[in-house]
Amino acid sequence: MKKILLIEDEKNMSRFIELELRYESFAVTTASEGNAGLQFALAEDWDIILLDLMLPGIDGLEICRRVRSIKYTPIIMLSAKDSVTDRITGLDCGADDYLPKPFAIGELLARMRVVFRRQREIQGERLPVLSFQGLSLDPNTRLVLREGESIDLTKREYHLLEVFLGNVNRVLDRETLLDKVWGFETAVDTNVVDTYVRYLRRKIDLAGQPSYIQTLRGIGYVMRK
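Residues numbered from 1 in each chain as written. Predicted model: local features only at pLDDT ≥ 70, side-chain atom pairs only at ≥ 80, totals over all residues. Heavy atoms only, no water.

**Observations concerning the domain arrangement of the protein chain**
As a measure of interface size, the accessible area lost when the parts come together is often cited. So the rule is basically this: Domain start and end points were adopted from an automatic or database domain assignment. Every residue pair with non-hydrogen atoms within 4.5 Å of one another is taken to be in contact. A quick way to say it: buried area is the sum, across both parts, of accessible area lost when two parts are put together, with a 1.4 Å probe. By convention in these notes, a salt bridge is any Lys or Arg side-chain nitrogen within 4 Å of a carboxyl oxygen on Asp or Glu. Two N or O atoms count as a polar contact when they lie within 3.5 Å, although within protein this holds only if one can serve as hydrogen donor and the other as acceptor, and sequence-adjacent residues are included solely when both atoms are side-chain atoms. In this text, helices come from DSSP runs of H or I with a minimum length of four residues, and strands from runs of E with a minimum of two, each type numbered from the N-terminal end. Only Asp, Glu, Lys and Arg are considered charged in this grouping, and only Ala, Val, Leu, Ile, Met, Phe, Trp, Tyr, Cys and Pro are considered nonpolar; every other residue, Gly among them, is considered polar.
By the assigned domains, the protein chain splits into domain 1 (3-123) and domain 2 (130-223). For domain 1 versus domain 2, the separation of C-alpha centres amounts to 31 Å. Residue-level contacts link 8 residues of domain 1 with 6 residues of domain 2. Taking both sides of the interface into account, the surface hidden between domain 1 and domain 2 amounts to around 600 Å²; carbon and sulfur atoms contribute 46%. When the shortest N-O distance is used, the salt bridge between E24 and K180 registers 2.6 Å. Here domain 1 is connected to domain 2 by 2 residue pairs in polar contact (both at pLDDT 80 or more). For the side of domain 1 that touches domain 2, the leading source of residues is helix α5 (residues 105-123), giving 5 residues. For the side of domain 1 that touches domain 2, the per-class residue count stands at 4 nonpolar, 1 polar and 3 charged.

**So, the pattern of salt bridges**
Heads up, the rule is: Any residue under 20% of the maximum accessible area for its type is buried, any over 50% is exposed, and the rest in between are partly exposed; the area is computed with a 1.4 Å probe on protein chains only.
Inspection of the entire model under this criterion finds 15 salt bridges. The partner of E8 in a salt bridge is K101, and the shortest N-O contact between them spans 2.7 Å. Taken together, the residues span a long stretch of sequence, with E8 in the loop between β1 (3-7) and α1 (11-23) and K101 in the loop between β5 (97-100) and α5 at a distance of 93 residues. Of the two residues, E8 and K101, both sit in the buried class.

Following this line, the structure appears as structure tokens:
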């Protein structure tokens, strides 16, 4: 479970981000003031620090500089200040990314995934192969196999299968699948999820056998036998 430090003084915003991250299975610690946030940031090793720019006490820029002077912890800066100058200042002080407020939670999660992917590439880390009932997906090679035979998937089909294999026996509603696979592309309708589940079933299911992906009418989908 990845550890996230959220330093944000706006209570409603902090609570919203915290709940969304916990739903995505992150371990979240929060701080609402600059000095406390800096102490948390330096006291432990975090997978990512989400850092508000304007904070009581020490501001986000100073926290970023002090953290970066001691260790390399990925930092995504969150701020209502969205001018080009503000973004440049945030990145120059050591932030890995700068996300202006307001933002869709899907965009924040997508940017976090980019940071995690970059870290894995730097560290040469290999991700575990996901498998279920003879079906496997290797995120390191993007190879999908069913009983040892390769299956050719589109980008969306691949990510949809990755979500299902990462959540075997967990019921996923259409909104959750839409957020995880299509991210912050809010113009996409939830009906597209049904379409892509059909596409995926045609490629992974065996004739005469129950589908890997079961439909729960009025709720969503679940991968289980």
